[in-house]
Amino acid sequence: MSPLDRFYDLLNHDGDPFRQHPDNLRELQLAAMRERFAQRREQIKLLGRRAADMGVDEIRSEADMVPLLFAHQIYKSYPEQFIENGRWKHLNTWLQTLASRPVTDVDLDNVDNVDTWMERLRDAGHYVFSSSGTSGKCSFISQTRADLDHVSASCVKLGVYGNKLIERDLGKRPVFLMMPPGGAHRHIEPVLNAARKLGSESTLMFDEPALASATIAMGRMRRAMTDGSAKPSAIAAFQEQAAARQRHTGAMIDRFLDKLLAHRDNPVLVQGNWSLHWTLVTHARQRGLAERICHPETVITTGGGLKGTHVPADFRQQITGFYGIEAVNVQNSYGMSEMIGTGPWSDVAQGYAICPWIVPFVLDKPGEKLLNPADGKGLVEGRFAFFDLLAEGYWGGFITGDKVTVDFSPAGATDGLRGPLVRSVGRYADLEEGEDKLSCAGTMESYVRGIIDV
């Protein structure tokens with residue numbers, strides 16, 4: 001079995017991947033990174049160019065991987081005119097610089113927006129997903145069908161091994177999902193798939209798909225309003241649409257809440273990020289609902305940032321009080337859409353576990369220097385980066401905007417977790433004034449422009 005196959009096995013076998021790391025994890029991860037780089041340097045144009053310029057021909061150490069980690073902004077490095085002017089062929093050419101599979105045989109006839117473009121790519125075997133695009137520009141990453149299946153499997157792993165009650169009631173609980181029936185975000189389809197295995201029936205909070213085109217349009221309008229370029233008529237139409245959308249969203253939350261209340265005598269599973277849980281709390285209070293609306297063995301899964309939502313310091317305690325559950329029934333996790341699998345928070349270990357196929361890197365703020373301890377032990381603070389060994393449709397190396405503290409010391413004696421733990425998480429953009437910039441981002445974008453040459 002190759003080093004890479006060992007990590008696929010950790011995802012696909014029946015055991016707990018967070019507590020069954022191999023003893024030689026670092027050595028195995030390095031061998032798997034070496035194997036993956038040898039595969040991808042010829043397939044991904046941007047990686048090949050970067051490796052050649054940096055003189056990296058083989059991964060011999062963790063430090064060799066640092067200059068090959070992609071800044072997260074690179075996945076939105078396409079010219080905006082490609083979408084504004086419907087230049088879908090050129091957008092395919094851009095995507096090819098970052099994809100491991102040929103972006104060919106894509107039917108572009110009558111493509112009229114970015115969501116239709118993504119559908120056509122999916123028909124051709126490229127399961128492209130996008131970021132939220134709140135700035136008006138989405139990230140686009142091409143994944144394979146296998147990538148999508150692996151994300152679904154990781155969601156099940158987190159659900160089963162993140163909480164003993166879910167493990168006990170596997171397949172029996174009603175599941176309440178604070179998400180739409182479909183859309184461009186990576187985790188929508190996998191979470192829906194996982195819910196079918198974790199629970200008996202599913203209730204969705206929203207009834208319309210989350211479209212990339214709508215998110216882009218909203219972000220652009222907000223940007224135009226900020227810089228003063230938006231016309232008064234456009235602002236009025238935007239505000240009217242926003243009000244209508246808010247009314248519809250309120251009705252959907254009411255429906256979701258009513259169905260949740262109907263199950264208050266039975267334990268359920270409620271899934272959503274922190275901001276949506278808080279939205280549900282505030283909406284229920286506006287209706288005059290009392291606290292403790294759920295069965296005490298209800299479990300909620302959550303994670304992610306607050307997405308700009310303003311909350312009190314004790315918002316987590318207020319959320320658990322609203323549901324009527326103990327903190328142990330909150331399955332909190334840390335991860336991101338570019339990552340296959342997220343890590344559960346452990347109150348015992350006081351940290352987030354990291355999937356064994358995710359190789360953590362802690363870098364200095366510019367994203368240039370590796371801070372990982374040479375002996376694999378100790379506490380380090382800096383910019384979080386990672387290499388996802390299971391990524392197939394794209395290069396698995398990312399530099400994020402998160403400021404973290406990672407404990408690399410063995411954690412096997414604490415809650416049975418193995419490997420490093422993420423002790424704390426914040427975002428540089430929130431912690432400091434001004435835009436968070438990575439030193440390598442501009443260089444990588446110049447590579448892309450040189451490769452697409454359009």
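Residues numbered from 1 in each chain as written. Predicted model: local features only at pLDDT ≥ 70, side-chain atom pairs only at ≥ 80, totals over all residues. Heavy atoms only, no water.

### Quick look at the overall build of the protein chain
Link 1 in the chain: The helix and strand inventory of the protein chain stands at 16 helices and 14 strands.
Link 2 in the chain: For 454 residues, the compact-globule formula gives about 22 Å, and the C-alpha radius of gyration of the protein chain, at 22 Å, lands near that figure.
Link 3 in the chain: C-alpha extents for the protein chain along the principal axes are approximately 65 × 60 × 45 Å.
Link 4 in the chain: Scored against the burial criterion, the 454 residues of the protein chain give a buried share of 53%. (Helix = DSSP H or I, 4+ residues; strand = E, 2+ residues; numbered from the N terminus. Rg over C-alpha atoms; globule rule 2.2 N^0.38 Å. Buried < 20%, exposed > 50% of the residue type's maximum accessible area, 1.4 Å probe, protein only.)

### Considerations on the pattern of salt bridges
Link 1 in the chain: Overall, the coordinates contain 25 salt bridges when judged by the stated rule.
Link 2 in the chain: When the shortest N-O distance is used, the salt bridge between R223 and E80 registers 3.0 Å. Linking R223 in helix 11 (residues 212–227) with E80 in the loop between strand 1 (70–71) and helix 5 (81–84), this pair joins segments that are 143 residues apart in sequence.
Link 3 in the chain: The residue K164 makes a salt bridge to E167 at a minimum N-O spacing of 3.9 Å. One end of the pair is K164 and the other is E167, both in helix 9 (residues 164–168) and three residues apart, which spans about a single turn.
Link 4 in the chain: What you see here is one network of salt bridges that share partners, running through R34, D57, E58 and R60. (Salt bridge = Lys/Arg side-chain N within 4 Å of Asp/Glu carboxyl O.)

### Topic: unusual backbone geometry
Link 1 in the chain: A positive phi is found at N110, a non-glycine position, where the angle reads about 60°.
Link 2 in the chain: Its place among the elements puts N110 in the loop between helix 6 (88–96) and helix 7 (114–123).
Link 3 in the chain: Judged by relative accessible area, N110 falls into the exposed class, the value being 73%.
Link 4 in the chain: Residues other than glycine seldom take positive phi values, yet Q350 does so here, at roughly 55°.
Link 5 in the chain: Note on placement: Q350 falls in the loop between strand 9 (343–346) and strand 10 (351–353).
Link 6 in the chain: Note on Q350: relative accessible area 42%, which makes it partly exposed.

### Quick word on helix 7
Link 1 in the chain: By the criterion of burial, helix 7 is predominantly enclosed, with seven of the 10 residues buried.
Link 2 in the chain: Restricting attention to buried positions, one finds in helix 7 the residues V114, D115, T116, W117, M118, R120 and L121.
Link 3 in the chain: In this fold, the buried residues of helix 7 make contact with helix 5, helix 6, strand 2 (129–130), strand 3 (140–141) and helix 11.
Link 4 in the chain: Where helix 7 starts, the residue carrying a side-chain oxygen 3.0 Å from the main-chain nitrogen of D115 turns out to be N113.
Link 5 in the chain: Of the residues one or two after helix 7, G125 is the one with positive phi, at around 95°. (Contact = heavy atoms within 4.5 Å. Polar contact = N/O pair within 3.5 Å; in protein donor to acceptor, adjacent residues only side chain to side chain.)

### Focus: the pairing of strand 14 (residues 421–427)
Link 1 in the chain: Taken together, the two bridges between strand 10 and strand 14 define a ladder with antiparallel strand orientation. Residue pairing across strands places A353 opposite L421, the latter belonging to strand 14.
Link 2 in the chain: Pairing of strand 13 (residues 397–407) with strand 14, which is carried by six bridges, proceeds in the antiparallel orientation. By the bridge assignment for strand 14, V404 is matched with V425. (Pairing = 2+ DSSP bridges.)

### Concerning helix 11
Link 1 in the chain: For helix 11, spanning 16 residues, the distance from its first C-alpha to its last is 23 Å, which sits close to the expected 22 Å at 1.5 Å a residue.
Link 2 in the chain: Taken residue by residue, helix 11 has A212, I216, G219, M221 and A224 as its buried positions.
Link 3 in the chain: Along its buried surface, helix 11 packs onto helix 5, helix 7, strand 2, strand 3 and helix 12 (232–261).
Link 4 in the chain: Immediately downstream of helix 11, the backbone of G228 shows phi near 85°, a positive value. (Expected span 1.5 Å × (residues − 1).)

### Some remarks on the nonpolar core
Link 1 in the chain: One finds W117, F140, W357 and W395 to be the most contacted residues of the largest nonpolar core, which totals 100 residues.
Link 2 in the chain: Look past the residues within four positions of F140 in its chain and what remains in contact with it is Y75, Y78, I83, W94, L95, V114, W117, M118, V128, F129, S130 and I216.
Link 3 in the chain: Membership of the second largest hydrophobic core comes to 27 residues, among which are F206, L260, W274 and A284. (Core = buried A, V, L, I, M, F, W, Y, C linked by side-chain atoms within 4.5 Å.)

### Observations concerning the confidence of the model for the protein chain
Link 1 in the chain: Per-residue confidence for the protein chain gives a mean pLDDT of 89, with 93% of residues at or over 70.
Link 2 in the chain: Predicted confidence in the protein chain is weakest over helix 16 (residues 441–452), with a mean pLDDT of 61, and strongest over strand 11 (residues 358–363), with 97. (pLDDT = per-residue confidence, 0-100.)

### Quick notes on the packing of aromatic side chains
Link 1 in the chain: The full count for this structure, using the stated rule, is 16 aromatic pairs.
Link 2 in the chain: Here F322 and Y323 contribute two aromatic rings whose centre-to-centre distance is 5.1 Å and whose plane-to-plane angle is 65°, an arrangement assigned as edge-to-face.
Link 3 in the chain: Here a set of aromatic residues connected by ring pairs shows up, and it is made of Y75, Y334, W345, Y352, F384, F386, Y394 and F398.
Link 4 in the chain: Cation over ring: K137 sits above Y78, and NZ or CZ is 4.9 Å from the ring centre. (Phe/Tyr/Trp six-rings, centres within 6.5 Å; stacked < 30°, edge-to-face > 60°. Lys NZ or Arg CZ within 6 Å of the ring centre and 35° of its normal.)

### Looking at the environment of A184
Link 1 in the chain: Inspection of the secondary structure puts A184 in the loop between strand 4 (173–177) and helix 10 (188–198).
Link 2 in the chain: Once the C-alpha coordinates of A184 and A212 are considered, the two residues, 28 residues apart in sequence, prove to be 5.9 Å apart.
Link 3 in the chain: Contact partners of A184, with chain neighbours within four places excluded, come to M118, F129, S130, A210 and A212.

### Let's talk about the packing of helix 11 against helix 12
Between two packed helices, the angle of one axis relative to the other and the distance separating the axes together describe the packing.
Link 1 in the chain: Contact geometry for helix 11 and helix 12: axes closest at 11 Å, N-to-C directions at 135°. In this view, helix 11 runs oblique relative to helix 12, as classed from their interaxial angle. Read as a crossing pair, helix 11 and helix 12 show a hand that is left-handed. Here M218, M221, R222 and M225 of helix 11 come into contact with helix 12, specifically with A234, I235, F238 and R245.
Link 2 in the chain: The class makeup of the residues in the contact of helix 11 with helix 12 is six nonpolar, no polar and two charged. (Axes fitted to C-alpha atoms, helices over the stretch in contact; angles between N-to-C directions. Parallel < 35°, antiparallel > 145°, perpendicular 65-115°, else oblique. Left-handed = near helix turned anticlockwise from the far one by under 90°. Nonpolar A, V, L, I, M, F, W, Y, C, P; charged D, E, K, R; others polar.)

### Overview of the side chain of N92
Link 1 in the chain: Residue position: N92 is located in helix 6.
Link 2 in the chain: Using a relative accessible area of 8% as the deciding quantity, one classes N92 as buried.
Link 3 in the chain: Excluding anything up to four places from it in sequence, N92 contacts V103, V106, L108, W117 and L121.

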